[in-house]
Amino acid sequence: MGKIRFLDENGTFTLEDPEGVSHLYFPLASETGLKSAVAPNLAGDCKLDQETFLLEPVSIEDLRDSRSTRNFWCVSEAGSWSATGVSAEQEATRFTDQQDKSTLTAGLMWHMVCRETTRYGLRAEITSFIPPQENVEIMDVRITNTGTVPQKITGVAAVPIYGRSADNLRDHRNVTSMLHRIRTTKHGVLVKPTLSFDEKGHRENQKIYYALGVSGKGGAPAGFFPTVDTFVGEGGSLLRPRAVYEHQDGVSCGIEIAGKEAMGGICFPTVTLAAGETTEYIVLLGVSEDEKDVDRVLASCRTAEQVQEALEETKAYWQRKVNIRYHTGNADFDCFLRWVSFQPFLRRLYGCSFLPHHDYGRGGRGWRDLWQDCLSLLLMDPSGVGGMIKANFGGVRIDGTNATIIGDGIGNFIADRNGIARVWMDHALWPLMTTELYIHQTGDFDILNEMVPYFKDSQAMRGTEIDQLWEGSYGNQQRTGSGAVYMGSILEHLLIQHLTAFYEVGVHNIFRLRGADWNDALDMASEYGESVAFTCAYAGNLRTLAELLRQMQKRGQNTVNLPEELQELLENHFESYENISLKTTVLKQYAKRCIHNISGRIIQVPLIKLADNLDGKAAWLTGHIRRQEWIQDGEDGWFNSYYDNSQKPLEGKTESGVRMMLTGQVFAIMSGTATDAQVKAIARSADRWLYKKESGGYRLNTDFHDLKLDMGRMFGFAYGEKENGAVFSHMTVMYANALYRRGFVREGYKALQSLADFALDFEASKIYPGIPEYFRADGRGMYHYLTGAASWYMLTIITEVFGVRGEYGDLVICPHLVREQFGKRGTASVELAFAGKAFQVTFANLTGGDFGDYRLGKAYLSSGDAAQMHRLELRNGKAVLKREIIQKLPGSGNLVMIELM
């Protein structure tokens, strides 16, 4: 098995014999919609959305087994050879000394495979990429004669064009091929189906799917194979097509064919290559609604020079986008972080679908994804994030629940991808986390007073009833009794989310689980399930919200306007908090008053009174959880995370073994619910019961040895798979983040570094650089690229490890670097943007000490060409750079040096 080797600081890597590892795929995408997945043999699909697949949709199993791949054949007097390795002959020679030699090299949004055959004396180099502002995938194919004598070569591109919705893969596959209208042009094959097939309502199709070919000097192809039938021939296959092996010429341009499976079969003129000579071909695969646009794309990519320029522009574009760089004592780790920092962009482009493992959903992102992906944007490019946050709050309902799927564009929401009325009890948590980071990074408290509408559909009473009066003509924005759209501040939205959550409790006075929380697989306890884990998290959020209110008052604001309906949720009596029945009644009364319209009447509430109210609720929750949920295990212990639908605690020491989950520990630590002594006990327990080095780190839970039909589908999974005991990257990173926040740096470093080290061990993880959703029991990384763990990893590295973060608009620096993270010269640094200025922050460990041994000494700033060094203020163990100073700095060249004594 090969090994990943990094080639530069940009994260470019190489891998020998990539097809020797199963299930590898690489993402290519544009900002305008086109999304591809590319395997080492160029298998994989290409699409705009669920309805518009250029190439046949593939799941992870199809990726390995499908013959419907991007292929390029080289036909010579010696025989026919696939430059992508996809032929019957090459399949037969795998795992023998006759197997092709291949090398993969890739960087951000570009992918190259070099393949060489001694039998045919040829080397192929195929570079694939998608320009950032185009909906075309470009294959730049270079064929070199590695023999000692001249060879005649005929190149044949062979790409089956699927050209319809992913739904049609198993729904009228043959019937939908009858809709195809296929036409050959001077440079390729165009497919425009007559209809978008949907038995709920067929629609006239406007999409043109195309495959075009050009020789390196702009020459046109010699002929075409526009259908799968004409290419493979009777009895043939895509592994041994008769058109290739019988040296057929194909048809000319101007041919029209209807009702067949389409093929981007392009036969190029025969060329004679001298020994060592190279010829080049360009293959363009795309989707458009305008044939003039197809011509424009061809004109911009018809020469090798144009394609090379487009490739360099694509490389530079994504390198600029990922505007954070890391320099520690481990160059491979720094490159790993470069890919992790790139992953949030992939989430924005792909959503949670459209890669081979992610064969579910129909595109788009969920509510939780939307807010967590903003975390990385706030660290890389916060411009525009304020507008996104404002629009996103428009997905909150007046009863505190929210739409769960984000539609096209900003501020467009859908109740659920499956049309199911479902409430995730953690959804109110994430908007405040993101908004707080935004305020710290920008100092923009005004965002809390921005007025935003509420989402409205037929769901009411927090997803338990239907609003019988609502109909489509009402629209999707909450109205008052007068018919006006009701607008409330973002602060009001946050208060409604958290107050309604506080009153929705189960029989143990813990917040109800409802449909699930962050762990979607805890989905079979909607009646009686309770989430201790996220009750802890909400307690922390209530404290955060209270502190923001106090900060607002310091800045001159004394009151906030709230809807009068909310008044009954603002009671602040500990006695009522203990009364489960009363809390349930109060919430139902509020939700009932909001079932259709609201009054529109407003009350004014003093910010300090409101802050005290929230702090009181947080204090009660903290004490309640500490008293009720702690599980003592000798000197160690941990918190119970859940109650099941049988109203029993999920964790503890049982006859079948120890039951422990990581989730409850993460939020108990992060929220301050756990005392310092309890954090130490939890860390020891997690090391004992959850940590497994050979699987990548901390598992999500121990093996319960129980199907748990009263808890969720996760217990039906094999142990070590997905939510049932896999090393789930997202929760492990949040565990590390929580530990760092509480000052447990070594413990946090272990959690964070274990993921990176395992991901970088290609023999174990079998993934390209980056962080996957999880590592399964045997260590293989699964569901790569599209994970919220990437944003949290970035957040933790920058704001906790390097300790560079915003604090109400100021830049503060307080590192938690351990000895191993400094280079040979005793330095570590991070390059990033803050307040629109580019900074490089360098830490010099003058004594070589570990965290806890060193302290902040001197802190200097130099800017631009100025030779003068300016001292930074040191305050409470932090270096502080005030925002008013930052605003006067040049856009780049700002160097901060921190001496650690």
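The structure this text deals with has already been given above.
What you see is a predicted model, and the numbers here were worked out from it, not measured in a lab.

Peer 1: Hey, could you run me through the overall build of the protein in this one?
Peer 2: Along the protein, the regular secondary structure elements total 23 helices and 52 strands. Since a compact globule built from 901 residues should have a radius of gyration of about 29 Å, the 29 Å found for the protein is in line with a globular shape. Expressed as lengths along the three principal axes of its C-alpha atoms, the size of the protein is roughly 90 × 70 × 60 Å. The long-range fraction of contacts in the protein, counting pairs at least 24 apart against all pairs at least 6 apart in sequence, stands at 71%. Summed over all atoms, the accessible surface of the protein reaches about 33,300 Å², with 48% contributed by carbon and sulfur. Within the protein, the 111 negative side-chain charges are centred at a point lying 3 Å from the centre of the 95 positive side-chain charges.

Peer 1: Please clarify how the sheet that holds strand β14 (residues 181-184) should be interpreted in this entry.
Peer 2: Within a sheet, adjacent strands bond to each other through the backbone by hydrogen bonds, running parallel or antiparallel. Taken together, 11 strands build an open sheet; the order of strands is β1-β2-β9-β10-β11-β12-β23-β18-β15-β14-β20 and the sheet is antiparallel. Both outer strands of the open sheet, β1 (5-6) and β20 (256-258), are each paired with one neighbouring strand and no more. Across 8 bridges, strand β10 (residues 110-117) lies against strand β11 (residues 122-129) in antiparallel orientation. Counterpart to T117 in the pairing with β11 is L122. Each of β12 (136-145), β14, β15 (188-191), β18 (208-215) and β23 (278-288) touches helix α6 (residues 291-300); the most contacted strand, β18, lies at about 25° to it. Packing of helix α7 (residues 304-321) onto the sheet brings it into contact with β10, β11, β12 and β23, and relative to β11 it is tilted by some 55°.

Peer 1: What is the right way to look at a nonpolar patch on the surface in this model?
Peer 2: Judged by side-chain polarity, M524, L707 and L709 come together as a nonpolar surface patch covering roughly 290 Å² of accessible area. Looking at where L707 falls in the secondary structure, it is placed in the loop between β40 (697-698) and β41 (727-728).

Peer 1: Would you explain the state of the cysteines in this entry?
Peer 2: By definition, a disulfide links the sulfur atoms of two cysteine residues through a covalent bond. If you walk through the whole model with that rule in mind, you get 0 disulfides. In this model C74 remains outside any disulfide bridge; the closest cysteine sulfur is found in C267, 12 Å from its own. Taking relative accessible area as the criterion, C74 reaches 1% and is therefore assigned buried.

Peer 1: What exactly am I supposed to notice about the sheet that holds strand β47 (residues 837-845) here?
Peer 2: In space, the 6 strands of this open sheet follow the order β24-β46-β47-β52-β48-β49, with mixed pairing throughout. Of all the strands in the sheet, the pair left with one neighbour each is β24 (325-327) and β49 (870-871). Pairing analysis gives 3 bridges linking β24 to strand β46 (residues 827-834), with the strands arranged antiparallel. Bridge pairing in β46 places Y326 opposite V830.

Peer 1: In this structure, what is going on with unusual backbone geometry? I would like to understand it.
Peer 2: Among all residues except glycine, the phi angle is most often negative; among peptide bonds, the trans geometry is most common. Phi at R514 takes a positive value of approximately 55°, unusual for a residue other than glycine. With respect to the element layout, R514 can be found in the loop between α12 (490-503) and β31 (530-531). Looking at R514, the relative accessible area reads 8%, which means it is buried.

Peer 1: Any chance you could explain the packing of helix α19 (residues 729-741) against helix α20 (residues 745-760) here in plain terms?
Peer 2: Each pair of packed helices can be described by the angle between their axes along with the distance between the axes. Interhelical geometry of α19 versus α20 gives an angle of 160° and a closest axis separation of 7 Å. Here α20 runs roughly antiparallel to α19, going by the angle between their axes. Handedness of the α19/α20 crossing: left-handed. Taken together, the residues of α20 that come into contact with α19 (itself represented by S729, T732, V733, Y735, A736, L739 and Y740) are V745, E747, G748, Y749, A751, L752 and L755. Broken down by class, the residue content of the contact of α19 with α20 amounts to 10 nonpolar, 3 polar and 1 charged.

Peer 1: What should I look at first to understand the packing of helix α17 (residues 662-671) against α19 in this one?
Peer 2: Orientation of α17 relative to α19, taken along the N-to-C sense of each, is 30°, at an axis distance of 8 Å. One finds that α17 runs roughly parallel with respect to α19. Handedness of the crossing formed by α17 with α19: left-handed. Residues L662, T663, V666, F667, I669 and M670 of α17 touch α19, and the partners they reach there are M731, T732, M734, Y735, N737, A738, L739 and R741.

Peer 1: Hey, could you run me through the pairing of β18 in this one?
Peer 2: In regular strands, side chains alternate between the two faces of the sheet. In terms of burial, β18 is a largely internal element, 8 of the 8 residues being buried. In β18, alternate side chains face the same way, and those of I208, Y210, L212 and V214 on one face and Y209, A211, G213 and S215 on the other are all buried. Both β15 and β18 contribute to a ladder of 4 bridges, which runs antiparallel. Paired with V191 across the strands is Y209, a residue of β18.

Peer 1: Quick question: what am I supposed to make of the nonpolar core here?
Peer 2: One recurring pattern in soluble globular proteins is that nonpolar side chains are buried together. Within the largest apolar cluster, 257 residues are counted, with the highest numbers of intra-cluster contacts made by F667 and Y793. Broken down by element, the residue count for this core peaks at 13 residues, all from helix α13 (residues 532-554). Filtering out sequence-adjacent residues up to four positions away, F667 remains in contact with L429, W430, A533, F534, C536, A537, M731 and M734. Grouped together as the second largest cluster of nonpolar side chains are 19 residues, I138, L284, A310 and L311 included.

Peer 1: Would you explain the side chain of Q343 in this entry?
Peer 2: With respect to the helices, strands and loops of the structure, Q343 is situated in helix α8 (residues 331-350). Within the structure, Q343 has its side chain in polar contact with the backbone nitrogen of I771 (distance 2.7 Å). Excluding its chain neighbours within four sequence positions, the residues that come into contact with Q343 are G770, I771, H784, Y785, T787 and A790.

Peer 1: I tried to follow the pairing of strand β8 (residues 79-82) on my own but got confused; where do I start?
Peer 2: Side chains of β8 alternate between two faces, with G79 and W81 and S80 and S82 buried alike. Strand direction decides the pairing type here: strand β7 (residues 71-76) and β8, joined by 4 bridges, are antiparallel. Each bridged residue has a counterpart across the sheet, and for C74 the counterpart in β8 is W81. Counting the residues between successive antiparallel strands, the hairpin from β7 to β8 contains 2 residues.

Calculation rules
- Residues numbered from 1 in each chain as written.
- Predicted model: local features only at pLDDT ≥ 70, side-chain atom pairs only at ≥ 80, totals over all residues.
- Heavy atoms only, no water.
- Helix = DSSP H or I, 4+ residues; strand = E, 2+ residues; numbered from the N terminus.
- Rg over C-alpha atoms; globule rule 2.2 N^0.38 Å.
- Contact = heavy atoms within 4.5 Å.
- Areas by Shrake-Rupley, 256 points an atom, 1.4 Å probe, with all protein chains shown as cover.
- Lys, Arg positive; Asp, Glu negative; His and termini not counted.
- Charge placed at Lys NZ, Arg CZ, Asp CG, Glu CD.
- Pairing = 2+ DSSP bridges.
- Axes fitted to C-alpha atoms, helices over the stretch in contact; angles between N-to-C directions.
- Patch = residues over 30% accessible without salt bridge, like charges linked within 9 Å, V, L, I, M, F, W, Y side chains within 5 Å.
- Salt bridge = Lys/Arg side-chain N within 4 Å of Asp/Glu carboxyl O.
- Disulfide = S-S within 2.5 Å.
- Buried < 20%, exposed > 50% of the residue type's maximum accessible area, 1.4 Å probe, protein only.
- Parallel < 35°, antiparallel > 145°, perpendicular 65-115°, else oblique.
- Left-handed = near helix turned anticlockwise from the far one by under 90°.
- Nonpolar A, V, L, I, M, F, W, Y, C, P; charged D, E, K, R; others polar.
- Core = buried A, V, L, I, M, F, W, Y, C linked by side-chain atoms within 4.5 Å.
- Polar contact = N/O pair within 3.5 Å; in protein donor to acceptor, adjacent residues only side chain to side chain.

No statement about biological role is implied by the geometric values presented.
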